[in-house]
Amino acid sequence: MAETQENKIETGTQHTIVPVRIEEALGAAAMALICLISFANVIARYATNVSFAFTEEYSVFLLVFMTFVGASAAFAGNEHIRITFFLSRMSPGWQRVCEAITLLATTLMFSLIVYFGARVTHSEWKWEETTPGLGNPSWIYTIWMPILSMAILMRVLGRAWATFRKERPA
(Lines give C-alpha, C1' and ligand atoms only; values in the text may rest on other atoms or scores of the structure.)
Protein backbone atom coordinates (compact mmCIF):
# COMPACT_ATOMS: atom_id res chain seq x y z
CA MET A 1 0.00 0.00 0.00
CA ALA A 2 1.64 3.22 -1.13
CA GLU A 3 1.50 6.07 1.32
CA THR A 4 0.42 9.43 0.04
CA GLN A 5 2.09 12.58 1.29
CA GLU A 6 -0.95 13.50 3.40
CA ASN A 7 -0.99 10.12 5.18
CA LYS A 8 2.62 10.37 6.31
CA ILE A 9 3.20 11.15 9.94
CA GLU A 10 5.08 14.41 10.15
CA THR A 11 8.25 14.45 12.18
CA GLY A 12 10.83 17.14 12.56
CA THR A 13 11.46 20.19 14.64
CA GLN A 14 10.92 22.96 12.09
CA HIS A 15 8.05 24.35 14.19
CA THR A 16 10.11 24.78 17.36
CA ILE A 17 11.06 28.20 18.68
CA VAL A 18 13.47 26.89 21.33
CA PRO A 19 16.03 24.62 19.61
CA VAL A 20 15.95 20.92 20.45
CA ARG A 21 19.74 21.07 20.61
CA ILE A 22 19.32 22.12 24.25
CA GLU A 23 17.73 18.79 25.17
CA GLU A 24 20.23 16.91 23.03
CA ALA A 25 23.17 18.62 24.76
CA LEU A 26 21.72 18.05 28.24
CA GLY A 27 21.01 14.39 27.46
CA ALA A 28 24.51 13.87 26.07
CA ALA A 29 26.05 15.56 29.12
CA ALA A 30 24.00 13.36 31.48
CA MET A 31 25.01 10.23 29.57
CA ALA A 32 28.67 11.27 29.58
CA LEU A 33 28.55 11.87 33.33
CA ILE A 34 26.94 8.48 33.93
CA CYS A 35 29.67 6.81 31.89
CA LEU A 36 32.42 8.78 33.62
CA ILE A 37 31.07 8.09 37.11
CA SER A 38 30.54 4.39 36.40
CA PHE A 39 33.96 3.99 34.79
CA ALA A 40 35.68 5.77 37.69
CA ASN A 41 33.82 3.55 40.14
CA VAL A 42 34.88 0.37 38.32
CA ILE A 43 38.53 1.49 38.27
CA ALA A 44 38.40 2.42 41.96
CA ARG A 45 36.83 -0.91 42.87
CA TYR A 46 39.46 -2.91 41.02
CA ALA A 47 42.35 -0.80 42.27
CA THR A 48 41.30 -0.41 45.91
CA ASN A 49 38.40 -2.81 46.59
CA VAL A 50 36.43 0.27 47.70
CA SER A 51 33.45 1.64 45.82
CA PHE A 52 32.57 5.32 45.56
CA ALA A 53 29.46 5.89 47.68
CA PHE A 54 28.03 8.63 45.50
CA THR A 55 27.91 6.74 42.21
CA GLU A 56 24.53 5.05 42.60
CA GLU A 57 22.76 8.15 43.87
CA TYR A 58 24.08 10.41 41.13
CA SER A 59 23.76 7.80 38.39
CA VAL A 60 20.08 7.18 39.19
CA PHE A 61 19.39 10.93 39.22
CA LEU A 62 21.23 11.42 35.93
CA LEU A 63 19.34 8.52 34.32
CA VAL A 64 15.98 10.01 35.31
CA PHE A 65 17.15 13.45 34.14
CA MET A 66 18.30 12.00 30.81
CA THR A 67 14.96 10.20 30.36
CA PHE A 68 12.92 13.36 30.87
CA VAL A 69 15.19 15.41 28.61
CA GLY A 70 14.98 12.70 25.94
CA ALA A 71 11.18 12.65 26.23
CA SER A 72 11.12 16.41 25.71
CA ALA A 73 13.23 16.12 22.56
CA ALA A 74 11.10 13.21 21.31
CA PHE A 75 7.88 15.17 21.66
CA ALA A 76 9.40 18.22 19.99
CA GLY A 77 10.29 16.14 16.93
CA ASN A 78 7.12 14.00 17.05
CA GLU A 79 9.32 10.95 17.54
CA HIS A 80 7.62 9.59 20.65
CA ILE A 81 6.69 5.92 20.85
CA ARG A 82 3.53 5.03 18.95
CA ILE A 83 2.03 2.21 16.96
CA THR A 84 2.35 3.47 13.40
CA PHE A 85 1.20 0.18 11.90
CA PHE A 86 -2.42 1.12 12.58
CA LEU A 87 -2.02 4.89 12.34
CA SER A 88 -0.57 4.82 8.84
CA ARG A 89 -3.56 2.79 7.62
CA MET A 90 -6.12 5.30 8.90
CA SER A 91 -7.68 8.15 7.00
CA PRO A 92 -6.23 11.63 7.65
CA GLY A 93 -9.28 12.50 9.76
CA TRP A 94 -8.78 9.53 12.07
CA GLN A 95 -5.05 10.26 12.24
CA ARG A 96 -5.90 13.74 13.55
CA VAL A 97 -8.31 12.25 16.11
CA CYS A 98 -5.61 9.83 17.30
CA GLU A 99 -3.08 12.67 17.43
CA ALA A 100 -5.49 14.75 19.53
CA ILE A 101 -6.08 11.85 21.94
CA THR A 102 -2.32 11.29 22.22
CA LEU A 103 -1.65 14.96 22.93
CA LEU A 104 -4.47 15.16 25.50
CA ALA A 105 -3.34 12.00 27.30
CA THR A 106 0.26 13.19 27.32
CA THR A 107 -0.72 16.62 28.58
CA LEU A 108 -2.79 15.06 31.37
CA MET A 109 -0.02 12.67 32.40
CA PHE A 110 2.74 15.28 32.53
CA SER A 111 0.44 17.79 34.22
CA LEU A 112 -0.10 15.23 36.97
CA ILE A 113 3.65 14.68 37.21
CA VAL A 114 4.14 18.45 37.56
CA TYR A 115 1.52 18.66 40.29
CA PHE A 116 2.49 15.61 42.32
CA GLY A 117 6.22 16.08 41.69
CA ALA A 118 5.97 19.63 43.05
CA ARG A 119 4.09 18.33 46.09
CA VAL A 120 6.74 15.68 46.76
CA THR A 121 9.54 18.21 46.30
CA HIS A 122 7.86 20.67 48.65
CA SER A 123 7.29 17.96 51.24
CA GLU A 124 10.94 16.88 51.08
CA TRP A 125 12.07 20.48 51.43
CA LYS A 126 9.64 21.23 54.26
CA TRP A 127 10.61 18.16 56.29
CA GLU A 128 14.32 18.46 55.41
CA GLU A 129 14.44 14.91 54.10
CA THR A 130 17.89 13.68 53.11
CA THR A 131 19.10 10.89 50.86
CA PRO A 132 20.19 7.67 52.55
CA GLY A 133 23.49 7.35 50.67
CA LEU A 134 25.11 10.77 50.94
CA GLY A 135 22.75 12.73 53.15
CA ASN A 136 22.04 15.35 50.49
CA PRO A 137 18.69 17.13 50.61
CA SER A 138 16.25 14.94 48.65
CA TRP A 139 14.49 17.89 47.04
CA ILE A 140 17.64 18.66 45.01
CA TYR A 141 16.95 15.50 43.02
CA THR A 142 13.15 15.57 42.89
CA ILE A 143 12.77 19.23 41.90
CA TRP A 144 13.87 18.30 38.38
CA MET A 145 10.84 16.08 37.85
CA PRO A 146 8.27 18.92 37.78
CA ILE A 147 10.68 21.29 36.02
CA LEU A 148 11.43 18.84 33.21
CA SER A 149 7.77 17.82 33.01
CA MET A 150 6.95 21.49 32.37
CA ALA A 151 9.53 21.48 29.56
CA ILE A 152 7.88 18.37 28.11
CA LEU A 153 4.46 20.05 28.37
CA MET A 154 5.79 23.05 26.46
CA ARG A 155 7.10 20.73 23.73
CA VAL A 156 3.79 18.83 23.62
CA LEU A 157 1.84 22.08 23.35
CA GLY A 158 4.22 23.27 20.63
CA ARG A 159 3.64 20.02 18.74
CA ALA A 160 -0.13 20.44 19.16
CA TRP A 161 0.06 23.99 17.84
CA ALA A 162 2.12 22.89 14.83
CA THR A 163 -0.20 19.96 14.13
CA PHE A 164 -3.58 21.63 14.44
CA ARG A 165 -2.85 25.07 12.98
CA LYS A 166 -2.55 23.49 9.54
CA GLU A 167 -5.48 23.55 7.17
CA ARG A 168 -7.79 20.58 7.57
CA PRO A 169 -7.91 18.24 4.58
CA ALA A 170 -10.94 18.81 2.39
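Here, residues in each chain are numbered from 1, in the same order as that chain's written sequence. For a predicted model such as this one, the threshold for reporting local features is a pLDDT of at least 70, and the threshold for listing and counting side-chain atom pairs is 80 or more; totals across whole chains, interfaces and linings nevertheless cover every residue. Excluded from the side-chain calculations are hydrogens and water; all other atoms, namely the structure's heavy atoms, are used.

Asker: Would you explain the packing of helix α1 (residues 21-48) against helix α2 (residues 54-76) in this entry?
Answerer: The axes of two packed helices give the description: the angle between them and the distance between them. Running from N to C, α1 and α2 cross one another at 160°; their axes reach a closest spacing of 9 Å. Classified by the interaxial angle, the pair formed by α1 and α2 is roughly antiparallel. Between α1 and α2 lies a crossing of left-handed hand. In contact with Glu-23, Leu-26, Gly-27, Ala-30, Met-31, Leu-33, Ile-34, Ile-37, Ser-38 and Asn-41 of α1, α2 contributes Phe-54, Thr-55, Tyr-58, Ser-59, Leu-62, Leu-63, Phe-65, Met-66, Val-69, Ser-72 and Ala-73. Taken together, the residues of the contact of α1 with α2 break down into 14 nonpolar, six polar and one charged. Between the N-to-C directions of two axes lies an angle of 0 to 180 degrees, each axis being a line fitted to C-alpha atoms and, for a helix, fitted only over the stretch in contact. Secondary structure elements are defined from DSSP: runs of H or I of at least 4 residues count as helices, runs of E of at least 2 residues count as strands, and each element is numbered from the N terminus. By definition in this entry, angles of less than 35 degrees are roughly parallel, angles greater than 145 are roughly antiparallel, angles of 65 to 115 are roughly perpendicular, and the rest are oblique. Whether a crossing is left-handed or right-handed is set by the direction in which the near helix is turned from the far one by less than a right angle, anticlockwise for left-handed and clockwise for right-handed. It only takes one pair of heavy atoms within 4.5 Å for two residues to be counted as in contact. Think of it as three bins: nonpolar holds Ala, Val, Leu, Ile, Met, Phe, Trp, Tyr, Cys and Pro, charged holds Asp, Glu, Lys and Arg, and polar takes everything else, Gly as well.

Asker: Would you take a moment to explain the packing of aromatic side chains for this structure?
Answerer: Each aromatic ring pair is specified by the distance between its two centres and by the angle formed by the two planes. A pair of Phe, Tyr and Trp rings is counted when the ring centres sit within 6.5 Å of each other, with Trp represented by its six-membered ring. The angle between the planes then sorts it: under 30 degrees is stacked, over 60 is edge-to-face, the rest tilted. Counted under the stated rule, the structure contains 10 aromatic pairs. Taking the centre distance of 6.5 Å and the plane angle of 80° together, the rings of Phe-68 and Phe-110 count as edge-to-face. Of this pair, Phe-68 sits in helix α2 while Phe-110 sits in helix α4 (residues 92-126), placing them 42 residues apart in sequence. The buried label applies to any residue whose accessible area, calculated with a 1.4 Å probe on protein chains only, is under 20% of its type's maximum; exposed applies above 50%, and partly exposed to all values in between. With relative accessibility at 14%, the residue Phe-68 sits in the buried group. Taking relative accessible area as the criterion, Phe-110 reaches 7% and is therefore assigned buried. Each ring, one from Phe-75 and one from Phe-110, has its centre 6.3 Å from the other, and the planes form 80°; the classification is edge-to-face. Here Phe-75 is found in helix α2, whereas its partner Phe-110 is found in helix α4, with 35 residues between them in sequence. Assigned by exposure class, Phe-75 and Phe-110 land together as buried. Three or more aromatic residues joined by ring pairs form one cluster here, namely Phe-52, Phe-54, Tyr-58, Phe-61, Phe-65, Tyr-141 and Trp-144.

Asker: How do you make sense of the packing of α4 against helix α6 (residues 144-164) when you look at a structure like this?
Answerer: At a closest axis distance of 8 Å, the pairing of α4 and α6 adopts a crossing angle of 160°. Relative to α6, the element α4 is oriented roughly antiparallel. Between α4 and α6 lies a crossing whose hand is left-handed. Looking at side-chain class alone, the contact of α4 with α6 contains 14 nonpolar, seven polar and three charged residues.

Asker: Help me understand the environment of Ser-138, please; the structure alone is not making it clear to me.
Answerer: Structurally, Ser-138 is set in the loop between α4 and α5 (139-142). In contact with Ser-138, other than residues within four places in its own chain, are Glu-124, Glu-129, Thr-130 and Thr-131.

Asker: Whenever I open this one, unusual backbone geometry confuses me. Can you help?
Answerer: Its identity is not glycine, yet Asn-49 carries a phi of approximately 60°, on the positive side. Here Asn-49 lies in the loop between α1 and α2. You can call Asn-49 exposed: its relative accessible area is 72%. The phi dihedral of Asn-78 falls on the positive side, at around 55°, and the residue is not glycine. Positionally, Asn-78 belongs in the loop between α2 and α3 (84-87).

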